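Observations on the model geometry
These are the residues of each chain, in order.
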Amino acid sequence: MTDNDNWRERFGAAMMGSFASPIAMLVRGEGAHVWDSEGTRYLDFLAGIAVNALGHAHPVLVDAVSTQVATLAHVSNYFATPPQLELAERLRRITGAGDRGRVFFGNSGAEAIEAAIKLARLNRGDGSRTRILSLVNSFHGRTMGSLSLTGKAAMREAFEPLLPGVEHIATTIEALEEAMDGTVAALFVEPIKGEAGVIDLPDGYLQRARELTEQHGALLILDEIQTGVGRTGTWFAFQQHGIVPDALALAKGIAGGVPIGALVTFGWASDLFKPGQHGSTFGGNPLATAAGNAVLGEIERAGLIDNAAHLGSRLRQIVAEIGSPLIAEIRGQGALVGLGLSKPVAAELAAAAFAVGLIINAPNESSIRLAPPLIVGDAELDEFRELFAKALEAVA
Ligand SMILES: *Cc1c(COP(=O)(O)O)cnc(C)c1O
């Protein structure tokens, strides 16, 4: 059967039961808009969860991927390719890792985190460095290693026992000071907790984390899978905190929707992996890295980092101007916006938005997440204002 009318039944019958029933069947996208199988148009302010940095079907990405797939799509890591080296060098430059930096490519955020967990295990010291710290309510992925770090017990429980040595600590400087000593191999932190509802770290947290990890010989590993590549108004969120991590996990926005993940190491952390200790069949293949070069090149060329900062502050302004009593708090940075609601109606609000043609996301019952494409301009912001005001009215 090729008919799209009964897609929901086909999904239920063919797709693994690990997913909730989808919201709609989407068939096409262009810029900041997508269309469903019935021809209805939506303004997409989720962008595939902060993935479609250039929006949908951007000609620069379409050209790069079409040209590369017609030239050389995949060769295995027995061989180097030009797009792979170009992207690795570009990531060294934009992260500031520079000449001491090294890059490992995988195919997803979880794989970037898996590489980082192996990096942490290689930071053994005299053998007593066996602990890994991550934060309560953090999200680092769904594979067994990355899930071990994820700070949501409900996601972990069915799959225990998980990786030994991982501790989830409260997101306070005090909890960090208490937990940190010479037995810690690494601390994993998201600069903004996206899946938790776009929750900012306490003031000074990253600076203190940098001091303590350095003092005790632990790696500071930042998960910028969601906050990275321009979304927060700088290439990476850490660049607004005056610190440099030992490793940076990236994915989501790097290649604008083509699957990719990367771990970038800084300084001495670049010397930990030895030949043969990690690998990936697809990781860093010319198709995905050509997409990455196209996306990062276009972000730079079109000034989309400044646009992310601008559109983020306009979004905050618009939400404040709508003045709904449902909005209790505005969180996040740049074009990653969290709205704290005064009532636990996030799912209803996201559904009401969808009903009027706006895609937003409810990561939990009292938070809305906005992560629009970085190409959004005034026309889309005006459209957002109108649609979001309608949705708020429908729920209030
Ligand atoms: C999405 C995400 C991940 C996992 O990435 P996948 O590509 O889904 O494996 C990990 N960490 C953060 C912060 C994320 O937002």
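What you are looking at is a predicted structure, and each value in this text was computed from that prediction instead of being measured.

In terms of helices and strands, the chain carries 13 helices and 17 strands. Along the first, second and third principal axes, the C-alpha set of the chain runs to 60 × 50 × 45 Å. Burial status across the chain gives 52% buried among its 396 residues. Counting contacts in the chain only where the partners sit at least 6 residues apart, residues at least 24 apart contribute 69% of the total. Just so you have it, the chain exposes about 17,000 Å², and 55% of that area is on carbon and sulfur atoms. Placing the 31 positive and 44 negative side-chain charges of the chain at their respective mean positions leaves the two points 4 Å apart.

This paragraph deals with the environment of Leu87. Along the chain, Leu87 turns up in helix α4 (residues 82–95). Under the relative-accessibility criterion, Leu87 is labelled buried at 0%.

If you add up the space inside the largest pocket, you get close to 1,200 Å³. Taken together, 27 residues line the largest pocket, and the ones lying closest to its centre are Pro22, Ile23, Leu46, Ile49 and Asn361. For the lining of the largest pocket, the secondary structure elements donating two or more residues are α2 (47–50), α12 (346–355), β15 (358–359) and β16 (361–364). Ranked by residue count, the leading element in the lining of the largest pocket is α12, at four residues. Here the lining of the largest pocket is composed, by residue class, of 18 nonpolar, five polar and four charged.

We now examine the site of the ligand. In the region of the ligand, the neighbouring residues are Ser108, Gly109, Ala110, Phe139, His140, Gly141, Glu190, Asp223, Ile225, Gln226 and Lys252. Here Phe139 contributes a backbone N or O atom positioned 3.2 Å from a nitrogen atom of the ligand. Here an oxygen atom of the ligand sits 2.6 Å away from a polar atom, N or O, in the side chain of Lys252. Its residues assigned to classes, the shell around the ligand shows three nonpolar, five polar and three charged.

Bringing the nonpolar core into the picture now. Ranked by internal contacts, the top residues of the largest apolar core, which has 79 residues, are Ile299, Ile360, Phe384 and Phe388. Sorting elements by how many residues they give to this core places helix α11 (residues 304–322) first, with seven residues. Counting the residues that make up this core, at least three belong to each of domain 1 (6–58 + 303–394) and domain 2 (72–302). Discounting residues that sit within four places of it in the chain, Phe388 has contacts with Val319, Ile322, Ile327, Leu339, Leu349, Leu358 and Ile360. Residues Ala116, Leu119, Ala186 and Ala247 belong to the second largest nonpolar core, which totals 22 residues.

Judged by pairing direction, the sheet is mixed, and its seven strands sit side by side in the order β4-β12-β11-β10-β7-β5-β6 without closing on themselves. Two strands lie at the open edges of the sheet, namely β4 (102–106) and β6 (166–169), each paired on one side alone. The mean angle between the axes of side-by-side strands here comes to 20°, regardless of whether they run parallel or antiparallel. Bridge analysis of strand β11 (residues 247–250) against strand β12 (residues 261–265) gives four bridges, and the strand direction is antiparallel. What sits directly across from Ala247, in β12, is Thr265. Taken strand by strand, helix α9 (residues 205–216) contacts β5 (131–135), β6, β7 (184–189) and β10 (219–223), and its axis lies near 150° from that of β10.

Looking now at the pattern of salt bridges. Counting across every chain of the model gives 17 salt bridges. Salt-bridge contacts for Glu300 lead to Arg90; the nearest nitrogen and oxygen are separated by 3.8 Å. With Glu300 in helix α10 (residues 286–301) and Arg90 in helix α4, the pair connects residues that are 210 residues apart, well separated along the chain. With relative accessibility at 14%, the residue Arg90 sits in the buried group. Sharing partners across several salt bridges, the network here consists of Glu86, Arg90, Arg93 and Glu300.

With the rule as written, the count across this model stands at one cavity of 30 Å³ or more. Its volume calculated, the largest cavity comes out at about 50 Å³. Every residue lining the largest cavity is listed: His74, Val75, Ser76, Asn77, Phe79, Thr81, Gln84, Thr281, Gly283, Gly284, Asn285 and Pro286. Class assignment for the residues of the lining of the largest cavity results in three nonpolar, nine polar and no charged.

What counts as what
- Residues numbered from 1 in each chain as written.
- Predicted model: local features only at pLDDT ≥ 70, side-chain atom pairs only at ≥ 80, totals over all residues.
- Heavy atoms only, no water.
- Helix = DSSP H or I, 4+ residues; strand = E, 2+ residues; numbered from the N terminus.
- Buried < 20%, exposed > 50% of the residue type's maximum accessible area, 1.4 Å probe, protein only.
- Contact = heavy atoms within 4.5 Å.
- Areas by Shrake-Rupley, 256 points an atom, 1.4 Å probe, with all protein chains shown as cover.
- Lys, Arg positive; Asp, Glu negative; His and termini not counted.
- Charge placed at Lys NZ, Arg CZ, Asp CG, Glu CD.
- 1 Å grid on protein atoms, 1.4 Å probe; cavity = no way out; pocket = protein on both sides within 12 Å on 5 of 7 lines; lining within 4 Å.
- Points joined across faces, edges and corners; volume = space filled by probe spheres on them.
- Nonpolar A, V, L, I, M, F, W, Y, C, P; charged D, E, K, R; others polar.
- Near = heavy atom within 4 Å.
- Polar contact = N/O pair within 3.5 Å; in protein donor to acceptor, adjacent residues only side chain to side chain.
- Core = buried A, V, L, I, M, F, W, Y, C linked by side-chain atoms within 4.5 Å.
- Domains from an automatic or database assignment.
- Pairing = 2+ DSSP bridges.
- Axes fitted to C-alpha atoms, helices over the stretch in contact; angles between N-to-C directions.
- Salt bridge = Lys/Arg side-chain N within 4 Å of Asp/Glu carboxyl O.

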